[in-house]
Amino acid sequence: MTHDHTDDHHDHGSALAPIEARVRALESILVEKGYVQPEALDALIELYETQVGPHNGARVVARAWTDAAYRARLLADATPAIEELGIGGRGGEHMVVVENTADTHNLVVCTLCSCYPWTVLGLPPVWYKSPPYRSRAVIDPRGVLADFGVTLPEATRITVWDSTAELRYMVLPMRPAGTEDLDEAALAALVTRDAMIGTGLARAPEPRP
Amino acid sequence: MNGAQDLGGMMGFGPVVSEPDEPVFHAAWERRVFALAMAMGFTGAWSLDASRSARESLPPAEYLASSYYAIWFAALENQVRAHGLATPDEIVGGTSSTAPRALPRVLTAEAVAPRFRAGFPSDRAAPAPARFRLGEAVTARNEHPSGHTRLPRYVRGRQGLVERVHGAFVFPDTHAHGASENPQWLYTIGFDGTELWGGEAEAGQRVTVACFESYLQPAQGA
């Protein structure tokens, strides 16, 4: 990552300066004071932009679909089960995995801020952090699902998980039909971020010739 | 506090719009704000609970009109100033004219991967036996603290069932304001949609909320 504030152009901004200039000024002062190191900022950005993301959660789901004992461990105590795959850390210290079935669909939200399982899904998308989703998920979850083009059978009951404490929730989606022959890697490719939030379903496999 | 962050059940914000192939950040300054907030949190100058409190303390009109990382930035500026880590002039000008404060830790590039891989758990030894049992009916207290709380308004005064007992965790309501961690038992409370939203709720809808013990009392009439 670049970190491009050369000292030949100091931004003597004001409260009205564009946010780019204000952020640059704040970073400059925090670096000059010795509170933060620019290289550490670059490393943080690199970590969350390239290493941590929904590909991690997809591996967990694919393992749970193919290994009944693993699935049982994951649902009973998710944090150590996810750690078995080498996944853990900030934003995933206290994981809870909830399983979708024909009877019950789970949907995860944080009405108060943006709590989200970083270790398995990465940083949250804008919609997850925004008022339309945070306000409506708890009162009209079926309407929210419709915004995502998801229609559940009427008999399917919806449980919404509001992430109000340091517990972080991930949905274990239902395994799509016609995937009996797929291996874990192929299954993981069907697991979308939204399926693990509950605003989507796992993708159906490509029809094979 | 009953601020703009407490959005559950509000109406009028329009549909949820998902961006296809959304990038992790939408501008270079968002990257820096994210990293600055993480790195300053690591110093020990304040807690994650305090940062959440700073964000929700923005005036409601400003909170609702600001993008996510603009909220983070405004809160971070306020925290730096409130803790005396830089003066208002220094924050605006970007150059130092006063001596720095001593902070407990500074995050180095080498420490980023191992420290964030290890995580920052917030479970703690339980100070006392749990007050509530699995399956017990409880009522969320009808309280309106002026400071930080993680009990959303839409469940206050509502009855639910203890569905899970999680052990004790750092209590955000006091920790956010610089008090000790004051760990409390944490429970998953399941609320029926009709208890929260009346007849408008669809049949079988449930909402679970993770509630600290002091948010709860035995169900009224139980």
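Below is a short write-up of the structure. Every value quoted in this text rests on a predicted model; they were computed, and no experiment measured them.

1. Things to note about the overall build of chain A
Moving on, step 1. Along its length, chain A carries 11 helices and 4 strands.
Moving on, step 2. Based on the C-alpha atoms only, the size of chain A along its principal axes is roughly 60 × 40 × 35 Å.
Moving on, step 3. Across chain A, contacts joining residues at least 24 apart in sequence account for 66% of those joining residues at least 6 apart.
Moving on, step 4. Per element, the accessible surface of chain A, about 8400 Å² overall, is 52% carbon and sulfur.

2. Considering the pattern of salt bridges
Moving on, step 1. Per the counting criterion, the structure on display carries 20 salt bridges over all chains.
Moving on, step 2. With its nearest N and O atoms 2.7 Å apart, the salt bridge here joins Glu77(B) to Arg22(A). With Glu77(B) in helix α4 (residues 68-82) and Arg22(A) in helix α1 (residues 19-32), this residue pair bridges two chains.
Moving on, step 3. Arg22(A) gets classed as partly exposed once you look at its relative accessible area, which sits at 24%.
Moving on, step 4. Via salt bridges that share partners, Glu166(A), Arg168(A), Asp49(B) and Arg52(B) belong to a single interconnected network.

3. Quick look at the interface of chain B and chain A
Moving on, step 1. Counting residues at the interface gives 88 residues for chain B, matched by 86 residues for chain A.
Moving on, step 2. Buried area between chain B and chain A, both sides added, is near 7400 Å², and the carbon and sulfur share of it is 62%.
Moving on, step 3. When residues of chain B are sorted by the area they lose upon contact with chain A, Val16(B), Arg32(B) and Arg150(B) head the list and together hold 10% of the total.
Moving on, step 4. Viewed at the interface, chain A and chain B are joined by 8 salt bridges.
Moving on, step 5. If you look at where chain B meets chain A, you find 37 residue pairs in polar contact (both at pLDDT 80 or more).
Moving on, step 6. A total of 10 residues in the side of chain B that touches chain A trace back to one element, the largest contributor, which is helix α1 (residues 28-42) of chain B.
Moving on, step 7. Taken together, the residues of the side of chain B that touches chain A sort by class into 51 nonpolar, 21 polar and 16 charged.
Moving on, step 8. As paired elements, strand β3 (residues 157-162) of chain A and strand β5 (residues 206-212) of chain B share 4 bridges and run parallel to each other.

4. Overview of unusual backbone geometry
Residues and elements named next belong to chain B.
Moving on, step 1. Residue aspartate 21 is not a glycine yet carries a positive backbone phi of 50°.
Moving on, step 2. When you line up the elements, aspartate 21 lands in the segment before α1.
Moving on, step 3. On the basis of relative accessibility, which here comes to 78%, the residue aspartate 21 falls in the exposed class.
Moving on, step 4. With a phi angle near 45°, asparagine 182 is a residue other than glycine that sits in the positive phi range.

5. Notes on the environment of Asn100(A)
Residues and elements named next belong to chain A.
Moving on, step 1. With respect to the helices, strands and loops of the structure, asparagine 100 is situated in the loop between β1 (95-99) and β2 (104-109).
Moving on, step 2. Under the relative-accessibility criterion, asparagine 100 is labelled buried at 7%.
Moving on, step 3. Distance from asparagine 100 to threonine 156, taken between C-alpha atoms, is 9.9 Å for residues 56 residues apart in sequence.
Moving on, step 4. Filtering out sequence-adjacent residues up to four positions away, asparagine 100 remains in contact with His105, Asn106, Val171, Leu172, Pro173 and Met174.
Moving on, step 5. Polar contacts involving the side chain of asparagine 100 include one to the side chain of histidine 105, which spans 3.4 Å.

6. Structural notes on the pairing of β5(B)
All names here are of chain B.
Moving on, step 1. The buried fraction of β5 amounts to 6 of the 7 residues, a majority that puts the element mostly inside the structure.
Moving on, step 2. With 7 bridges joining them, strand β4 (residues 184-192) and β5 adopt antiparallel strand pairing. Residue threonine 188 lies in a different strand from β5, and its bridge partner there is alanine 210.

7. Some thoughts on helix α2 (residues 38-51) of chain A
Moving on, step 1. Taking 1.5 Å of rise per residue, 14 residues should cover 20 Å, and α2(A) covers 19 Å from first to last C-alpha, within 8% of that figure.
Moving on, step 2. Looking at the packing, one finds that the buried side of α2(A) touches α1 and α6 (118-121) of chain A together with α1 and α6 (109-118) of chain B.

8. Some points on the packing of α2(A) against α6(B)
Moving on, step 1. Relative orientation of the contacting elements α2(A) and α6(B) amounts to 40°, with a least axis distance of 7 Å. In this structure, α2(A) crosses over α6(B), and the sense of that crossing is right-handed. Contact residues: Glu39(A), Ala40(A), Ala43(A), Leu44(A), Leu47(A) and Tyr48(A) in α2(A); Ala109(B), Val112(B) and Phe116(B) in α6(B).
Moving on, step 2. Counted by class, the contact of α2(A) with α6(B) contains 8 nonpolar, no polar and 1 charged residues.

9. What to know about the environment of Ile189(B)
Residues and elements named next belong to chain B.
Moving on, step 1. Its location among the elements puts isoleucine 189 in strand β4.
Moving on, step 2. Counting along the chain gives 30 residues from isoleucine 189 to glutamine 159, while the straight-line C-alpha distance between them is 8.9 Å.
Moving on, step 3. If near-sequence neighbours (up to four positions away) are discounted, isoleucine 189 is found in contact with Val138, Gly160, Leu161, Val162, Val207, Thr208, Val209, Cys211 and Leu216.

10. Some points on the pairing of strand β4 (residues 168-172) of chain A
Residues and elements named next belong to chain A.
Moving on, step 1. Among the 5 residues that make up β4, 5 are buried, leaving the element largely enclosed by the rest of the structure.
Moving on, step 2. Residues Arg168, Met170 and Leu172 point to one face of β4 and Tyr169 and Val171 to the other, with burial holding for every one of them.
Moving on, step 3. As judged from the 5 bridges shared by β1 and β4, these two strands associate in the parallel manner. Bridging across to β4, methionine 95 finds its partner in arginine 168.

Criteria and cut-off values
Residues numbered from 1 in each chain as written. Chains lettered and ligands numbered in written order. Predicted model: local features only at pLDDT ≥ 70, side-chain atom pairs only at ≥ 80, totals over all residues. Heavy atoms only, no water. Helix = DSSP H or I, 4+ residues; strand = E, 2+ residues; numbered from the N terminus. Contact = heavy atoms within 4.5 Å. Areas by Shrake-Rupley, 256 points an atom, 1.4 Å probe, with all protein chains shown as cover. Salt bridge = Lys/Arg side-chain N within 4 Å of Asp/Glu carboxyl O. Buried < 20%, exposed > 50% of the residue type's maximum accessible area, 1.4 Å probe, protein only. Buried area = accessible area lost by both parts, 1.4 Å probe. Polar contact = N/O pair within 3.5 Å; in protein donor to acceptor, adjacent residues only side chain to side chain. Nonpolar A, V, L, I, M, F, W, Y, C, P; charged D, E, K, R; others polar. Pairing = 2+ DSSP bridges. Expected span 1.5 Å × (residues − 1). Axes fitted to C-alpha atoms, helices over the stretch in contact; angles between N-to-C directions. Left-handed = near helix turned anticlockwise from the far one by under 90°.

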